[in-house]
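Analysis of the macromolecular model
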Amino acid sequence: MNKWQQQGFEHPVPSDITPQTVYRARRALLGAAGAGALAAMLPQARALEVAPQGRLPRLAAERNAEYSTSEKRTPYDDVTTYNNFYEFGTSKSAPARNSGSLRTRPWSVVVEGEVQRPRTFSIEELLRLAPMQERIYRHRCVEGWSMVIPWIGYPLSALLERVQPTSAARFVEFITLHDPAQMPGQNSSILQWPYLEGLRIDEAMHPLTLLSFGLYGEVLPNQDGAPLRMVIPWKYGFKGGKSIVRIRLVRKQPLTSWMRAAPNWYGFYSNVNPEVSPQDWSQAYERRIGQGSFGGLFTPRIPTRLFNGYGEQVAYLYKGMNLVKDF
Ligand SMILES: Nc1nc2c(c(=O)[nH]1)N[C@H]1C(S)=C(S)[C@@H](COP(=O)(O)O)O[C@H]1N2
Ligand SMILES: [Mo]
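Below or above, wherever it landed, is the structure these notes cover.

Let's shift gears to the pattern of salt bridges. With the rule as written, the count across this model stands at 15 salt bridges. A salt bridge links Lys92 to Glu143; its shortest N-O distance comes to 3.2 Å. Residue Lys92 is located in the loop between helix 4 (76–81) and helix 5 (94–98), and its partner Glu143 is located in the loop between strand 4 (133–140) and strand 5 (145–155); the two are separated by 51 residues in the primary sequence. Per residue, the accessibility class of Lys92 equals that of Glu143, and both read buried. Across the pair Glu125 and Arg119 runs a salt bridge, and its minimum N-O distance is 2.8 Å. The partly exposed category is assigned to Glu125, whose relative accessible area is 27%.

Structure, rendered in structure tokens:
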């Protein structure tokens, strides 16, 4: 693990289980990303890099109070300049700088597999498929930082109900756009592309599981996963795939991009759990981005909660499971 990884600036992929070629490509990429990682340490500097709130089209939504935390929201500048989106580079500041090449219109999403009515939805159809809600969720990255984000979207279940999953549908795969011309990070083999994530069908149908199209009252900026991304607030952030083009209902547990890269560190479930740290670092605490003094430079370290604090709503999904084994 390099020093940037130790400080929580990127998801490490252990070199000992990564093929040499991939490892070398990754080192080259990290070298190039060094300057960006340094810039990411200075929150005051980050704000200068990116257009402020108010630049993107508004997206109307009604606040869902039942599913919203009253904790202080992470400032828009931090939510949109401190990102993980490896398709645009591995440093936190790279996605805001590089994601301008992503074209989000026209856009469509294929929903297929174990469903009675497979079909392709245009982004316009998806935007009016169900009423938009604002939900203020905690967002916890496995690297050890967290945010509080006012997402806009609707439960994924609203979409899945339209295609009528068959009884054989036990898992759902979420697949990101694969186009190195628009996503320069895909020229590196740091992860297997396209980015693939997955949920068990009951997790996917859970009312907290959000298909998100916006944040802070506006459509998603590209760096946060425009034009639509997944948000699963009781799991580590990497479970929420960005810029989704394909949703596939399947019989078998998916092999996700992170599980392929580092199976000992990134489990299929990846429920937030302060007592389970399969990685080389502890998940017991988190740094709440943008909440400290001096423009957020000194971020407070707070205890991480089981299921990211959503246990009351989701613990039943894992009854009888061993959360250490099924991490
Ligand atoms: N396609 C894609 N989706 C992705 C990622 C990525 O690199 N590519 N990074 C994940 C990780 S590690 C996290 S923590 C969240 C970050 O979301 P945010 O940048 O909007 O906070 O996106 C997740 N979704
Ligand atoms: Mo993450």
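Within soluble globular proteins, side chains that are nonpolar tend to cluster in buried spots. Counting residues in hydrophobic clusters, the biggest one holds 68 residues, and the most contacted among them are Tyr154, Leu156, Leu159, Phe213, Leu228, Trp234 and Ile247. Here this core gets 6 residues from one element, more than from any other, and that element is strand 5. The residues contacting Ile247, other than those within four sequence positions of it, are Val109, Val110, Val111, Glu112, Leu156, Leu159, Leu160, Val172, Glu173 and Phe174. Tyr86, Val142, Leu191 and Phe238 belong to the second largest nonpolar core, which has 16 residues in total.

So, about the site of ligand 1. His11, Glu87, His139, Asp224 and Lys242 are the nearest of the 17 residues found near ligand 1. Between ligand 1 and Tyr86, the relevant distance is 2.8 Å, taken from an oxygen atom to a main-chain nitrogen or oxygen of the residue. His139 places a polar side-chain atom, nitrogen or oxygen, 2.7 Å from an oxygen atom of ligand 1. When grouped by side-chain class, the residues that make up the shell around ligand 1 number 5 nonpolar, 8 polar and 4 charged.

Summed over all chains, the structure comprises 14 aromatic pairs. Ring centres of Trp258 and Tyr266 lie 4.7 Å apart, and the angle between their planes is 55°; this geometry places the pair in the tilted category. Here Trp258 matches Tyr266 in class, with each residue buried. With 5.5 Å between their ring centres and 90° between their planes, Trp265 and Trp281 make a pair best called edge-to-face. You can see Trp265 sitting in the loop between helix 9 (257–261) and strand 12 (285–288) and its partner Trp281 sitting in the loop between helix 9 and strand 12, a full 16 residues away along the chain. In terms of burial, Trp265 and Trp281 fall into one category: buried.

Let us now look at the sheet that holds strand 11 (residues 244–250). Taken together, the 5 strands give an open sheet; going across it, the order is 3-2-11-6-7, and neighbouring strands pair in mixed fashion. Either end of the sheet is taken by a strand with one partner, and the two such strands are strand 3 (119–122) and strand 7 (196–200). Ignoring which end each strand starts from, the neighbouring axes of this sheet average 20° apart. The sheet contact formed by strand 6 (residues 171–176) and strand 7 spans 5 bridges and is antiparallel. Bridged to Phe171 within strand 7 is Arg200.

When a strand is regular, its side chains alternate between the sheet's two faces. For strand 2 (residues 108–113) and strand 3, the ladder comprises 4 bridges, and the chain directions are antiparallel. Considered in strand 3, the bridge of Val109 is made with Phe121. Between the antiparallel neighbours strand 2 and strand 3 lie 5 residues. Inspection of the sheet shows strand 2 paired to strand 11 by 4 bridges, in the parallel sense. Residue pairing in the sheet places Val110 in a bridge with Arg246 of strand 11.

This part is about the environment of Tyr318. Relative to the helices and strands, Tyr318 is located in the segment after helix 11 (311–314). Classification of Tyr318 as buried rests on a relative accessible area of 3%. Counting along the chain gives 115 residues from Tyr318 to Glu203, while the straight-line C-alpha distance between them is 9.9 Å. Those residues in contact with Tyr318, other than ones at most four positions away along the chain, are Arg200, Glu203, Trp234, Lys235, Tyr269, Asn271, Phe307 and Leu323. Among the polar contacts listed, one links the side chain of Tyr318 to the side chain of Glu203, at a separation of 2.5 Å.

Turning our eyes to something else, we now look at a nonpolar patch on the surface. There is a patch of nonpolar side chains on the surface, built from Phe294, Leu297 and Phe298 and spanning about 330 Å² of accessible area. For Leu297, the position within the fold is in the loop between helix 10 (293–296) and strand 13 (301–303).

Criteria and cut-off values
- Residues numbered from 1 in each chain as written.
- Chains lettered and ligands numbered in written order.
- Predicted model: local features only at pLDDT ≥ 70, side-chain atom pairs only at ≥ 80, totals over all residues.
- Heavy atoms only, no water.
- Salt bridge = Lys/Arg side-chain N within 4 Å of Asp/Glu carboxyl O.
- Helix = DSSP H or I, 4+ residues; strand = E, 2+ residues; numbered from the N terminus.
- Buried < 20%, exposed > 50% of the residue type's maximum accessible area, 1.4 Å probe, protein only.
- Core = buried A, V, L, I, M, F, W, Y, C linked by side-chain atoms within 4.5 Å.
- Contact = heavy atoms within 4.5 Å.
- Near = heavy atom within 4 Å.
- Polar contact = N/O pair within 3.5 Å; in protein donor to acceptor, adjacent residues only side chain to side chain.
- Nonpolar A, V, L, I, M, F, W, Y, C, P; charged D, E, K, R; others polar.
- Phe/Tyr/Trp six-rings, centres within 6.5 Å; stacked < 30°, edge-to-face > 60°.
- Pairing = 2+ DSSP bridges.
- Axes fitted to C-alpha atoms, helices over the stretch in contact; angles between N-to-C directions.
- Patch = residues over 30% accessible without salt bridge, like charges linked within 9 Å, V, L, I, M, F, W, Y side chains within 5 Å.
- Areas by Shrake-Rupley, 256 points an atom, 1.4 Å probe, with all protein chains shown as cover.

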